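# Reading the structure
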Amino acid sequence: MTHLSLLKPTGHLTLGNHLGALRPMREAATGDSYYGIADLHALTVAHDPAALRALVQEMATLLLAVGLEPATLFVQSHVPAHSELAYLLECTATTGELNRMIQFKEKGRGVPTTRASLFTYPVLMAADILLYRAERVPVGDDQRQHVELTRDLALRFNQAYGPVFTVPEIATPAAGARVMDLQDPTTKMGKSHQSGAGIIYLLDPPDIIRRKVARAVTDSATGSAAVRRDRATKPGVTNLIDILEACGGSADGLSSYGALKTAVTEAVVEELAPIQKRYADLACDPASVTAVYAAGAERCREVTAPVLAAARAAIGLG
Ligand code: TYM
């Protein structure tokens with residue numbers, strides 16, 4: 001079974017990325033998995049070239065620290081076939097369906113102008129997936145609409161030009177598919193959120209994690225301080241219980257918010273400790289990290305060449 005997933009280097013990786021994507025990616029990782037850094041996608045919003053380069057290096061090191069290496073690891077822009085197939089798929093997608101993409105609408109809201117690439121973003125993502133004939137895409141819940149679009153484009157292309165692509169399935173984890181911001185638990189915990197106070201980053205040391213969890217919003221309008229899930233009236237408490245369970249703990253028997261926060265802190269620190277330790281070791285040897293990604297890109301260029309060639313031929317090029 002071929003698994004594929006990418007993450008965009010627009011900020012430091014978060015606990016949301018970890019529970020929603022990285023951990024399931026690690027569980028699924030085999031020699032037939034392709035996991036990448038979506039640096040081209042990072043260019044769809046305002047960016048700083050030097051900061052992007054640093055974030056790609058950090059992410060490259062972190063993916064290894066998480067333990068994804070049974071998979072082929074690569075950087076998207078090192079495999080030019082992604083851009084080329086994206087263009088062929090732009091000729092398959094319609095402006096109407098891209099206009100309906102929630103992420104495009106959200107990122108475009110209230111800003112005077114957006115990059116044209118933000119509009120075509122989901123088509124590049126479809127190219128990422130279809131180029132590898134991926135059968136499963138392990139992602140968080142927020143990517144559902146993009147994977148649906150990918151399926152539509154694959155079916156449409158196959159129907160119009162012949163059976164070139166595999167129609168992928170989404171795979172979201174049972175726990176952790178949507179981790180919310182600790183300060184604003186009705187919004188997703190996201191790399192590019194304004195303030196970092198509600199975000200746990202994978203490289204946050206234990207005392208920072210403790211402080212962020214201690215300050216997490218728990219108050220509810222109901223005034224009841226029971227430790228139980230209720231997404232409508234206790235989104236903060238519900239999120240903390242979700243995080244605890246996703247990290248292998250349980251809220252059963254916890255009688256106060258203080259006890260819940262202590263349990264969450266311990267579970268998260270324990271989940272991240274081995275990753276942080278491996279990161280510290282790997283960061284001392286950046287050349288070995290670079291070598292892994294150079295070999296990965298070479299393998300990706302090989303496995304994707306026949307798929308791109310088939311797509312080109314089917315659509316009438318060459
Ligand atoms: P990105 O970089 O925003 O997020 C990377 C992965 O982390 C998941 N995720 C979350 N899961 C649970 N709770 C959260 N708060 C949370 N925040 C992020 C995302 O669902 C994702 O799985 N468009 C993609 C990158 C991409 C891609 C692809 C993914 C590009 N090409 C091909 C899969 C296949 C994105 O922006 O993810």
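Scroll up a little and you will see the structure.
Residues numbered from 1 in each chain as written. Predicted model: local features only at pLDDT ≥ 70, side-chain atom pairs only at ≥ 80, totals over all residues. Heavy atoms only, no water.

### Examining the overall build of the protein chain
The helix and strand tally for the protein chain stands at 11 helices and 5 strands. The dimensions of the protein chain, computed from C-alpha atoms along their principal axes, are 65 × 45 × 40 Å. Counting all 318 residues of the protein chain, 51% fall into the buried class. Pairs at least 24 residues apart make up 75% of the contacts formed inside the protein chain by residues separated by at least 6 positions. Put simply, the protein chain shows about 14100 Å² of open surface, and 54% of that area lies on carbon and sulfur atoms. Positive and negative side-chain charges in the protein chain, numbering 31 and 33 respectively, have mean positions lying 4 Å apart. (Helix = DSSP H or I, 4+ residues; strand = E, 2+ residues; numbered from the N terminus. Buried < 20%, exposed > 50% of the residue type's maximum accessible area, 1.4 Å probe, protein only. Contact = heavy atoms within 4.5 Å. Areas by Shrake-Rupley, 256 points an atom, 1.4 Å probe, with all protein chains shown as cover. Lys, Arg positive; Asp, Glu negative; His and termini not counted. Charge placed at Lys NZ, Arg CZ, Asp CG, Glu CD.)

### Here we look at the packing of helix α1 (residues 15-28) against helix α10 (residues 257-283)
The N-to-C vectors of α1 and α10 enclose an angle of 60°; their axes lie 13 Å apart at closest approach. Compared by their axis directions, α1 and α10 come out oblique. The way α1 lies across α10 gives a crossing that is left-handed. Of the residues in α10, those touching α1 at L15, H18, R23 and R26 are V268, E271, L272 and I275. Here the residues of the contact of α1 with α10 are counted per class, giving 4 nonpolar, 1 polar and 3 charged. (Axes fitted to C-alpha atoms, helices over the stretch in contact; angles between N-to-C directions. Parallel < 35°, antiparallel > 145°, perpendicular 65-115°, else oblique. Left-handed = near helix turned anticlockwise from the far one by under 90°. Nonpolar A, V, L, I, M, F, W, Y, C, P; charged D, E, K, R; others polar.)

### Thoughts on the site of the ligand
Not every one of the 27 residues close to the ligand is listed here, only the nearest: K8, Y121, D128, D142 and K191. The separation between an oxygen atom of the ligand and a polar side-chain atom of N17 is 3.0 Å. A distance of 2.7 Å separates an oxygen atom of the ligand from a polar atom in the side chain of Y121. Relative to its free-state accessible area of 710 Å², the ligand is covered by the protein chains to the extent of 98%. Along the lines of polarity and charge, the residues of the shell around the ligand split into 13 nonpolar, 8 polar and 6 charged. (Near = heavy atom within 4 Å. Polar contact = N/O pair within 3.5 Å; in protein donor to acceptor, adjacent residues only side chain to side chain.)

### Observations regarding the packing of helix α3 (residues 81-90) against helix α11 (residues 286-315)
One way to put it is that α3 packs onto α11 with a least axis distance of 11 Å and a crossing angle of 25°. Of the possible angle classes, the one that applies to α3 and α11 is roughly parallel. As α3 packs across α11, the resulting crossing turns out to be left-handed. Facing α3, whose interface residues are A81, E84, L85 and L88, α11 presents T304, L308, A311, R312 and I315. Considered class by class, the residues forming the contact of α3 with α11 number 6 nonpolar, 1 polar and 2 charged.

### So, the nonpolar core
Residues L22, L63, L260, V268 and Y293 are the most contacted members of the largest nonpolar core, which totals 56 residues. At the level of secondary structure, the elements contributing two or more residues to this core comprise α1, β2 (33-37), α2 (49-66), β3 (72-75), α8 (206-214), α9 (235-246), α10 and α11. With 10 residues, α10 is the single largest residue contributor to this core. Taken domain by domain, this core gets at least three of its residues from each of domain 1 (3-176 + 286-315) and domain 2 (206-280). In this structure L22 touches L7, L13, N17, L63, V66, L68 and L202, once residues within four positions along its chain are discounted. Listed in part, the 41 residues of the second largest apolar core include M101, A127, L130 and F165. (Core = buried A, V, L, I, M, F, W, Y, C linked by side-chain atoms within 4.5 Å. Domains from an automatic or database assignment.)

### As for the layout of surface pockets
For the second largest pocket, the calculated volume is near 260 Å³. Along the wall of the second largest pocket there are 15 residues; nearest its centre are R53, V56, Q57, V75 and H78. At the level of secondary structure, the elements contributing two or more residues to the lining of the second largest pocket comprise α2 and α11. Ranked by residues supplied to the lining of the second largest pocket, first place goes to α2 with 6 residues. Here the residues of the lining of the second largest pocket are counted per class, giving 8 nonpolar, 5 polar and 2 charged. (1 Å grid on protein atoms, 1.4 Å probe; cavity = no way out; pocket = protein on both sides within 12 Å on 5 of 7 lines; lining within 4 Å. Points joined across faces, edges and corners; volume = space filled by probe spheres on them.)

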